[in-house]
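Summary of structural features
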Amino acid sequence: MAVIDRIIHDIALNEGVNVNHSENGLVTISGEKGSVSREFIHHKVVINSENGKLSVCCNLPRKKEKAVCGTWAAHLRNMVKGVSEGFTYKMKAVYSHFPMTMKVDYANNKFVVNNYFGEKVPREASLPWPESEVKVEVKNKTEVVISGIDKEKVGQTTANIERSCTVKKRDRRVFQDGIYLVEKN
């Protein structure tokens, strides 16, 4: 039985951010950095936009509908922040003996790591989105900066790069070489 009769999450919109949502559940948020679209479909949860704010509402929510409301509110907040400020993740390459080199290859949609632990075959991470959506830069030979307006795409690209340099068949307490996430903005 439902304990709460109604749940409402309000999301404030920054100045210059516009919201457009259609009847089929597609919500498009656009701002100065670009626009992000996402589909929100549920039979009990409703998204309303009125005078400068978004609200996620559900009448007589059960446990799962309450969770969906909170998740949708978090997604919408991330979309609003993305189109107004953007997301930037910084990674750092760490090596002890063999200096690794990194290169972004947008022609083949790959991030290439050469000389990892002295290996002859380069390690590669996929970059599934074009440079216009997620931008990857190598700075100062050891820093990687990933930026974009969609938090999920930026985070997945970061995870792909970090996963490409996993340590296998060695003691991870001793061999700590790799590319690691050091800062999120």
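Whatever comes next refers back to the structure up there.
Residues numbered from 1 in each chain as written. Predicted model: local features only at pLDDT ≥ 70, side-chain atom pairs only at ≥ 80, totals over all residues. Heavy atoms only, no water.

Turning next to the overall build of the chain. From N to C terminus, the chain includes two helices and 13 strands. By the compact-globule yardstick of 16 Å for 185 residues, the chain is too spread out, its C-alpha radius of gyration being 21 Å. Overall size of the chain, expressed as C-alpha extent along the three principal axes, is 60 × 40 × 25 Å. In the chain, which comprises 185 residues, the proportion classed as buried is 32%. Total accessible area on the chain is roughly 11300 Å²; 48% of this is exposed by carbon and sulfur atoms. On the chain, the mean spot of the 29 positive side-chain charges and the mean spot of the 22 negative ones are 7 Å from each other. (Helix = DSSP H or I, 4+ residues; strand = E, 2+ residues; numbered from the N terminus. Rg over C-alpha atoms; globule rule 2.2 N^0.38 Å. Buried < 20%, exposed > 50% of the residue type's maximum accessible area, 1.4 Å probe, protein only. Areas by Shrake-Rupley, 256 points an atom, 1.4 Å probe, with all protein chains shown as cover. Lys, Arg positive; Asp, Glu negative; His and termini not counted. Charge placed at Lys NZ, Arg CZ, Asp CG, Glu CD.)

Another aspect to go through is the packing of aromatic side chains. On inspection of all chains with the given rule, the structure shows three aromatic pairs. Ring geometry for F117 against F175: centres 5.8 Å apart, planes inclined by 75°, an arrangement best described as edge-to-face. Of the two residues, F117 is situated in the loop between strand 9 (110-114) and strand 10 (123-126) and F175 in the loop between helix 2 (151-164) and strand 13 (178-184); the sequence distance between them amounts to 58 residues. Counting every residue linked through ring pairs, the aromatic cluster contains Y116, F117 and F175. Lying over the aromatic face of F117, R170 brings its terminal NZ or CZ to 4.5 Å of the ring centre. (Phe/Tyr/Trp six-rings, centres within 6.5 Å; stacked < 30°, edge-to-face > 60°. Lys NZ or Arg CZ within 6 Å of the ring centre and 35° of its normal.)

Glancing now at the sheet that holds strand 1 (residues 6-12). Across the sheet, three strands lie side by side as 1-6-5; this open sheet has antiparallel pairing. The sheet is open, and its two edges are formed by strand 1 and strand 5 (45-50), each paired on a single side. Here the strands of the sheet are splayed against their neighbours by 20° on average, with no regard to which way each runs. Pairing between strand 5 and strand 6 (residues 53-59): six bridges, direction antiparallel. The partner of S49 across the bridge, within strand 6, is L54. (Pairing = 2+ DSSP bridges. Axes fitted to C-alpha atoms, helices over the stretch in contact; angles between N-to-C directions.)

Quick look at the side chain of S55 now. Take S55: it is sitting in strand 6. Those residues in contact with S55 that sit more than four places away from it in its chain are I8, H9, D10, V46, I47 and N48. (Contact = heavy atoms within 4.5 Å.)

Looking now at helix 1 (residues 63-84). An α-helix turns once every 3.6 residues. As a result, residues three or four positions apart point the same way. A rise of 1.5 Å per residue sets the reference length of helix 1, with its 22 residues, at 32 Å; its end C-alpha atoms lie 32 Å apart and thus fit the reference within 8%. Within the span of helix 1, buried status applies to E65, C69, W72, A73, L76, M79, V80, G82, V83 and S84. (Expected span 1.5 Å × (residues − 1).)

What the four strands build is an open sheet, ordered 11-12-7-13; its pairing is antiparallel. Only two strands of the sheet have a single partner each, and these edge strands are strand 11 (134-139) and strand 13. Averaged over all neighbouring strand pairs, the angle between strand axes comes to 25°, with direction disregarded. In the packing of helix 2 onto the sheet, the strands contacted are strand 7 (87-94), strand 11, strand 12 (143-148) and strand 13, and the crossing angle to strand 7 comes to about 5°.

Moving on, we get to unusual backbone geometry. Most of the time, phi is negative for any residue but glycine, and the peptide bond is trans. The residue L60 is not glycine, and still its phi comes out positive at about 50°. Summarising the element assignment, L60 is placed in the loop between strand 6 and helix 1. Residue N115 is not a glycine yet carries a positive backbone phi of 60°. Checked against the element boundaries, N115 lands in the loop between strand 9 and strand 10.

Moving on, we come to helix 2. With 14 residues, helix 2 extends 20 Å from end C-alpha to end C-alpha; this agrees with the ideal 20 Å at 1.5 Å per step. When helix 2 is considered as a whole, its buried residues turn out to be V154, T157, T158, N160, I161 and S164. Along the long axis of helix 2, the arc covered by the buried residues comes to 155°, so they all point the same way. Looking at the buried residues of helix 2, the elements they touch are strand 7, strand 9, strand 10, strand 11, strand 12 and strand 13. (Arc of directions from axis to C-beta.)

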